[in-house]
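Single-letter residue listing:
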Amino acid sequence: LLEVCRSTHSDLTGTIQKKQKGKNEQVLDKLKVERERGITVFCSMFHVHNGKNHLLNLIDTPGHVDFAWEVSRSMAACQGALLLVDASQGVQAQSISVFHIAKERGLKIIPVLNKIDLPAAQPELMAAQMESTFGIDPADIIKISAKTGAGIPPPSGQTTDPVKALLFDSLYDRYRGVISLVSLQGGILRKGDKIASCHTRKRYEITEIGIMHPEEIPTQGLYPGQVGYIACNMKDSSEAHIGDTLHRLGVPVDSMPGFKPSKAMVFAGVFPVNSSDFPKLEESIKRLTLTDRSVTVQRESSSALGQGCRLGFLGTLHMDVFRQRLEDEYDANIIITAPTVPYKVIDKKGGETIVSNPTQFPEVQDYIVKVKEVQEPIVKASIIAPEDYFGDISDLCFSHRGENMDHKYLDAGTAESGSRIMITCTLPLSEIVTDFFDQLKSRTSGFASFDYEDAGYQQSNLAKANDSAQEQIGRAWVQKLHKVIPRQMFEVPIQAAVGKKVIARATLSAMRADVTAGLYGGHYERKMKHLDNQKESKKKMKKVGIVELPQEAFFDILSKK
């Protein structure tokens, strides 16, 4: 089983049909969001080598840090991994983190240097870079070109071993229920077999079994080393526990090591535009979390937005992908609040409280009397970029409260291209959940790669915004809403309030028809009568009128522009 990239491999080996001229098809990506972003791909394919037919199970995982848990789950179903490095770009920051995940899992790592046919390729320089970064012997690096066509150990399990399968992913089908993706470590699984879960102790009967080729292809069974899917009348999504071990009923086995539980790094509230749609939204979130167990869900209510859910994500990209899937797959019309990070509030008695909603943060008067300290989450960030941008990156990190900055050179560079450096520092998580990555790409002309990992909590001087800051933010938000909200047939007052105190206000004027346009001559009271009638109509409309805020209004408030 290999950790690989894109549909090129399946195309070259004949797993999928050759693309017709003029068509740009992404065969392996099923979901719309996967096709747009290239998040995760899985399929099985047959390949003939030295006259012998081999079955390869291929998984392509995202490199973005928000999907580190997705990478970990995929690695658990693999026996080997391809460390693929672009010969023209070199090692990226996310490659380092994925390399360490594969190494911790004990996978056979095959170093590959790709795109050596490009004019800008520097194979020898990049090989030296891989040696200094990963400790890999340059002689072991395979230099290839997927365009020109220019060591995995066999599975250790045997067909005679007891059935042992690792459940590493799942999805929901409205007709078949929960579909589980499993990696068979030993024994043989067939349709009709009765199995049991080590985690829930529940029993099931396999009604359908097969492989992904790249679509679902039913087979007679699964054998050791194969990765496939099973349907077993599992109706409740909570029964498909990621990392669970499945075995044949009556033949128990030792459960395999599961996965470290994912830790939510960013929180946001999700509310339906129409409050009556909350039950449908809640059910949609429940179904969607079946395929993404790293999302945490908790009900919450807002005086302004009504009933909703507070969701925890691994990062802002993860949040955006989840929102897009809600809209695309379940036709959800939602409002998503600004992303926040969890703070740890320690009171003077030693108690700890995790606060992820700004409304739960202690007030100023309570802060002085009851709170001992507030800790915020920090991350260890890694940035790889050309040496020329070192000063700009340093300024950016320090402006976002960066500390413990260090750097090292990855290579010596050449006359055509300068040296590449890796900068490490600790940053508050709250500083990078908004536009840090965009600013980094802007300052480095798109050459920098960025990755981070959780580094715990540290004490910080935090408190709720004071009156002057609140007034400044309130005025800015009112002005933004005044520009974004469409004009109505009646006046719309826009206010920013803290408690009962209004700190900023603007009035969106009503759209008016010129009711006096057809009046020529006559007494002025004729005009006044028409204007008074229009004014009374506006008052009545204001009592029954409803203002619908477009989603762009919330996005505009969240932006820092």
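Our structure's up above, just so we're on the same page.
Since we're looking at a predicted model, the values are computed, not measured.

(A) Expanded view of the overall build of the protein. A tally of helices and strands in the protein yields 13 helices and 28 strands. Among the 561 residues that make up the protein, the fraction classed as buried is 45%. When the accessible surface of the protein is totalled, it reaches about 30,100 Å², and 51% of it is carbon and sulfur.

(B) Geometry of the sheet that holds strand 20 (residues 334-336). A sheet is described by the order of its strands in space; here four strands give the open sequence 18-19-17-20, paired in antiparallel fashion. The sheet is open, and its two edges are formed by strand 18 (296-302) and strand 20, each paired on a single side. Adjacent strand axes in the sheet meet at a mean angle of 30 degrees, parallel and antiparallel pairs treated alike. Inspection of the sheet shows strand 17 (residues 266-272) paired to strand 19 (residues 306-313) by five bridges, in the antiparallel sense. Paired with valine 266 across the strands is phenylalanine 313, a residue of strand 19.

(C) Structural view of the pattern of salt bridges. The tally for this structure, following the rule as stated, stands at 16 salt bridges. Arginine 248 serves as the salt-bridge partner of aspartate 193, at 3.1 Å between the closest nitrogen and oxygen. Of this pair, aspartate 193 sits in the loop between strand 9 (189-190) and strand 10 (194-197) while arginine 248 is found in strand 16 (residues 245-248), placing the two residues 55 residues apart along the sequence. Residue class for arginine 248 comes out partly exposed when judged on its relative accessible area of 28%. One network of salt bridges, with partners in common, ties together Asp173, Arg176, Glu208 and Glu216.

(D) Structural view of helix 9 (residues 390-399). Looking at helix 9, one finds that the buried residues are Ile393, Ser394, Leu396 and Cys397. In an axial view of helix 9, the angular spread of the buried residues amounts to 165 degrees, which keeps them on one side of the axis. Note on helix 9: the residue one or two positions beyond its end, arginine 401, has a positive phi of about 65 degrees.

(E) Summary view of empty space enclosed by the protein. Empty space within the second largest cavity amounts to approximately 40 Å³. Lining the second largest cavity are Lys263, Ala264, Met265, Pro342, Pro377, Leu429, Asp454 and Tyr457. Of the residues assigned to the lining of the second largest cavity, the class counts are six nonpolar, no polar and two charged.

(F) Examining the packing of helix 6 (residues 278-288) against helix 7 (residues 316-330) more closely. Interhelical geometry of helix 6 versus helix 7 gives an angle of 110 degrees and a closest axis separation of 11 Å. Classed by the angle they form, the pair helix 6 and helix 7 counts as roughly perpendicular. Taken as a pair, helix 6 and helix 7 cross one another with a handedness that is right-handed. Contacts between helix 6 and helix 7 pair Lys280, Leu281, Ser284, Ile285, Arg287 and Leu288 from the former with Phe322, Arg325, Leu326, Glu329 and Tyr330 from the latter. Its residues assigned to classes, the contact of helix 6 with helix 7 comprises six nonpolar, one polar and four charged.

(G) Just the packing of helix 9 against helix 10 (residues 436-443), in detail. Between helix 9 and helix 10, whose axes approach to 10 Å, the crossing angle comes to 160 degrees. Considering the angle they form, helix 9 stands roughly antiparallel to helix 10. For the pair helix 9 and helix 10, the sense of crossing is right-handed. Across from Asp392, Ile393, Asp395, Leu396 and Cys397 in helix 9, the residues of helix 10 making contact are Phe436, Gln439, Leu440 and Arg443. A per-class count over the contact of helix 9 with helix 10 returns five nonpolar, one polar and three charged.

(H) Molecular detail of the sheet that holds strand 6 (residues 142-143). Sheet architecture is open: three strands sit in the order 4-5-6, paired in parallel fashion. Since the sheet does not close on itself, it has two edges, and those belong to strand 4 (80-86) and strand 6, each with one partner. In the sheet, strand 5 (residues 108-114) pairs with strand 6 via two bridges, with the strands oriented parallel. Residue pairing across strands places valine 112 opposite isoleucine 142, the latter belonging to strand 6. With respect to the sheet, helix 5 (residues 123-134) is in contact with strand 4, strand 5 and strand 6, its orientation differing from that of strand 5 by roughly 150 degrees.

Reading guide: rules and limits
- Residues numbered from 1 in each chain as written.
- Predicted model: local features only at pLDDT ≥ 70, side-chain atom pairs only at ≥ 80, totals over all residues.
- Heavy atoms only, no water.
- Helix = DSSP H or I, 4+ residues; strand = E, 2+ residues; numbered from the N terminus.
- Buried < 20%, exposed > 50% of the residue type's maximum accessible area, 1.4 Å probe, protein only.
- Areas by Shrake-Rupley, 256 points an atom, 1.4 Å probe, with all protein chains shown as cover.
- Pairing = 2+ DSSP bridges.
- Axes fitted to C-alpha atoms, helices over the stretch in contact; angles between N-to-C directions.
- Salt bridge = Lys/Arg side-chain N within 4 Å of Asp/Glu carboxyl O.
- Arc of directions from axis to C-beta.
- 1 Å grid on protein atoms, 1.4 Å probe; cavity = no way out; pocket = protein on both sides within 12 Å on 5 of 7 lines; lining within 4 Å.
- Points joined across faces, edges and corners; volume = space filled by probe spheres on them.
- Nonpolar A, V, L, I, M, F, W, Y, C, P; charged D, E, K, R; others polar.
- Parallel < 35°, antiparallel > 145°, perpendicular 65-115°, else oblique.
- Left-handed = near helix turned anticlockwise from the far one by under 90°.
- Contact = heavy atoms within 4.5 Å.

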